[in-house]
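Chain by chain, the residues run as shown.
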2 protein chains.
Amino acid sequence: MSEGTAVRNTRQRSAVSALLAEMEGFHSAQDLHAMLRERGERVGLTTVYRTLQGLADAGEIDVMRPPGGEHLYRRCSEGHHHHLVCRACGRTVEVAGPAVETWADRVAAQHGYTDVSHTLEIFGTCPTCTP
Amino acid sequence: MSEGTAVRNTRQRSAVSALLAEMEGFHSAQDLHAMLRERGERVGLTTVYRTLQGLADAGEIDVMRPPGGEHLYRRCSEGHHHHLVCRACGRTVEVAGPAVETWADRVAAQHGYTDVSHTLEIFGTCPTCTP
DNA sequence: GCGACAACGACAATGATTGTCAAAAACGCA
DNA sequence: TGCGTTTTTGACAATCATTGTCGTTGTCGC
Ligand SMILES: [Zn+2]
Ligand SMILES: [Zn+2]
Ligand SMILES: [Zn+2]
Ligand SMILES: [Zn+2]
């Protein structure tokens, strides 16, 4: 259905990608844009948004949408996984739960739902943020 | 800690609450506001928003935040549960997964996270929406 | 009934995200 | 290396759900 779209290498795309590569934890588009500016990289905010969207669509980065906040982006490891996030500092651990995956699919199937996907996020206070 | 806050009974609060009671599925604040107007109820949009927030904070209704859409509200059954939602028509089934709950808590504890909570949503296409 | 104070609501403000579109940059090819 | 085509960029405007404002109204304990 779609093939002809040629993705071009640009300075801006590389800059965003490189920044994400060395970044720990989740960051918003505005955050990343500010960091790029501090580094002297000249990248427009609109471009940052679009690049992040593209990377997310391509499955190269993960998106998290905290209640009442901006979208947060992070470069993650390959494959399907979920996140255990510290509410205070944002420290994130990737967690895998094969049992959960099969449970979700089974539950959906039992109710006749097809084309199933899911979202799962665990929030807590990490050791260093626990007083 | 907090007690002095007296909640008052108002026509508007009753109207919103009553509407939610007879409503199936999730609906946005703007939706509910429009329905109230059609019924002849005179309720301000701001009030609808704040009433829904109040009910959600009190745990009387559930909130869902679909990707790129408005917040959706629904009167749900008591107790902790999750939702299996049809992407096409919004038909929603409440599902309980005790195993998932304990798994989430255990994973968080293993990493030293405390004060743990989680979000879980399953999406799919319901039987009637499957061609 | 009174009065304190919560609740209301029309309206303005916010703020993240998206749309626009002319100008700049990539890239295939010569 | 130069050229034409096509994508990408980015400053700016627009969108739009949600929140803030603040004078008015309605509740409710007394
Ligand atoms: Zn922490
Ligand atoms: Zn999963
Ligand atoms: Zn359906
Ligand atoms: Zn749960």
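Quick caveat, the model's predicted, so the values are computed rather than measured.

1. What about the protein's contact with DNA strand D?
- Near DNA strand D you find 21 residues, and of these Arg8, Thr47 and Arg50 of chain A together with Arg8 and Gln53 of chain B are the closest.
- When atoms of DNA strand D within 4 Å of the protein are split into backbone and base, the sugar-phosphate part holds 65%.
- Gly44 of chain A is positioned with one of its backbone polar atoms (N or O) 3.0 Å from a phosphate oxygen of DNA strand D.
- In this structure, a base nitrogen belonging to DNA strand D sits 2.5 Å away from a side-chain N or O atom of Arg8 of chain B.
- Elements supplying a minimum of two residues to the surface near DNA strand D: helix H1 (11–21) and helix H3 (45–57) of chain A together with helix H3 (45–57) of chain B.

2. Looking at the sheet that holds strand S1 (residues 27–28) of chain A
Residue and element names in this part refer to chain A.
- Taken in spatial order, the 3 strands line up as S1-S3-S2 in an open sheet, and their pairing is antiparallel. Edge positions in the sheet fall to S1 and strand S2 (61–64), since each has one partner strand and no second.
- The pairing of S2 with strand S3 (residues 72–75) spans 4 bridges and is antiparallel. Looking across to S3, one finds that Ile61 is bridged to Arg75.

3. Re the layout of surface pockets
Residue and element names in this part refer to chain B.
- Taken as a whole, the second largest pocket holds about 150 Å³ of empty space.
- As for the second largest pocket, its lining consists of Phe26, Met64, Pro66, Pro67, Leu72, Val85, Cys86, Arg87, Ala88, Gly90 and Phe123.
- Residues of the lining of the second largest pocket, tallied by class, amount to 9 nonpolar, 1 polar and 1 charged.
- Of the residues that make up the lining of the second largest pocket, three or more belong to each of domain 1 (1–76) and domain 2 (79–130).

4. Considering the UniProt feature "binding site: Fe cation" (unreviewed entry) in chain A
Residue and element names in this part refer to chain A.
- Listed under "binding site: Fe cation" (unreviewed entry) in the UniProt record, and renumbered for this structure, are His80, Glu101 and His118. Across 39 residues, the annotated set stays spatially compact, with a maximum C-alpha separation of 10.8 Å.
- Take His80: it is sitting in the loop between S3 and strand S4 (82–86).
- Using a relative accessible area of 48% as the deciding quantity, one classes His80 as partly exposed.
- Within the structure, the side chain of His80 is placed 3.1 Å from the side chain of His82, a separation counted as a polar contact.
- Considering the arrangement of structural elements, one finds His118 in strand S6 (residues 114–125).

5. As for the pairing of strand S5 (residues 92–95) of chain B
Residue and element names in this part refer to chain B.
- Bridge count for strand S4 (residues 82–86) against S5 is 4 bridges, and the pairing is antiparallel. Bridge pairing links His82 to Val95 in S5.
- From the end of S4 to the start of S5, which pair antiparallel, there are 5 residues, and Gly90 there has a positive phi angle of about 85 degrees.

6. Quick word on the protein's contact with DNA strand C
- Looking at DNA strand C, there are 22 residues lining it, with Tyr49 and Gln53 of chain A together with Thr10, Gln12 and Thr47 of chain B nearest.
- Across the atoms of DNA strand C situated within 4 Å of the protein, the share located in sugar and phosphate is 70%.
- Contact distances for DNA strand C include 2.3 Å between a phosphate oxygen and a side-chain N or O atom of Gln53 of chain A.
- Between Gly44 of chain B and DNA strand C, the recorded distance is 3.0 Å, taken from a backbone N or O atom to a phosphate oxygen.
- Elements that contribute at least two residues to the surface near DNA strand C include exactly H3 of chain A together with helix H1 (11–21) and H3 of chain B.
- At 4 residues, the largest contribution of residues to the surface near DNA strand C is made by H3 of chain A.

Reading the values: rules and limits
Per-chain numbering applies: the sequence of each chain, read as written, is numbered from 1 onward. Chains and ligands are labelled sequentially in the order written, the chains with letters from A and the ligands with numbers from 1. The model is predicted, so local features are restricted to residues of pLDDT at least 70 and side-chain atom pairs to those at 80 or more, both for listing and for counting; the totals for chains, interfaces and linings are taken over all residues. Calculation of side-chain values draws on the structure's entire complement of heavy atoms; hydrogens and water are dropped beforehand. Any residue with a heavy atom positioned within 4 Å of a molecule or strand is treated as near that molecule or strand. We define a polar contact as two N or O atoms separated by no more than 3.5 Å, with the added condition that, inside protein, one atom must be a possible hydrogen donor and the other a possible acceptor, whereas residues neighbouring each other in sequence contribute only through side-chain atom pairs. For the purposes of this entry, the term helix denotes a DSSP run of H or I that reaches at least four residues, the term strand denotes a run of E that reaches at least two, and both are numbered from the N terminus. Only when DSSP finds a minimum of two bridges between them are two strands counted as paired. Residues are called lining when one of their atoms sits within 4 Å of a cavity or pocket point, these points coming from a 1 Å grid over the protein atoms alone, where a cavity is a set in which a 1.4 Å probe fits but cannot get out and a pocket is an open set with protein on both sides within 12 Å along at least five of seven lines. Grid points are joined across faces, edges and corners, and a volume is the space filled by probe spheres set on the points. Residue polarity follows a fixed list, in which Ala, Val, Leu, Ile, Met, Phe, Trp, Tyr, Cys and Pro are nonpolar, Asp, Glu, Lys and Arg are charged, and the others, Gly among them, are polar. Segmentation into domains, and thus their bounds, comes from an automatic or database assignment. UniProt positions are given in the numbering used here, feature names are shortened, and annotations may be inferred rather than shown by experiment. Relative accessibility decides the category of a residue: with a 1.4 Å probe and only protein chains considered, values under 20% of the type maximum give buried, values over 50% give exposed, and everything between is partly exposed.

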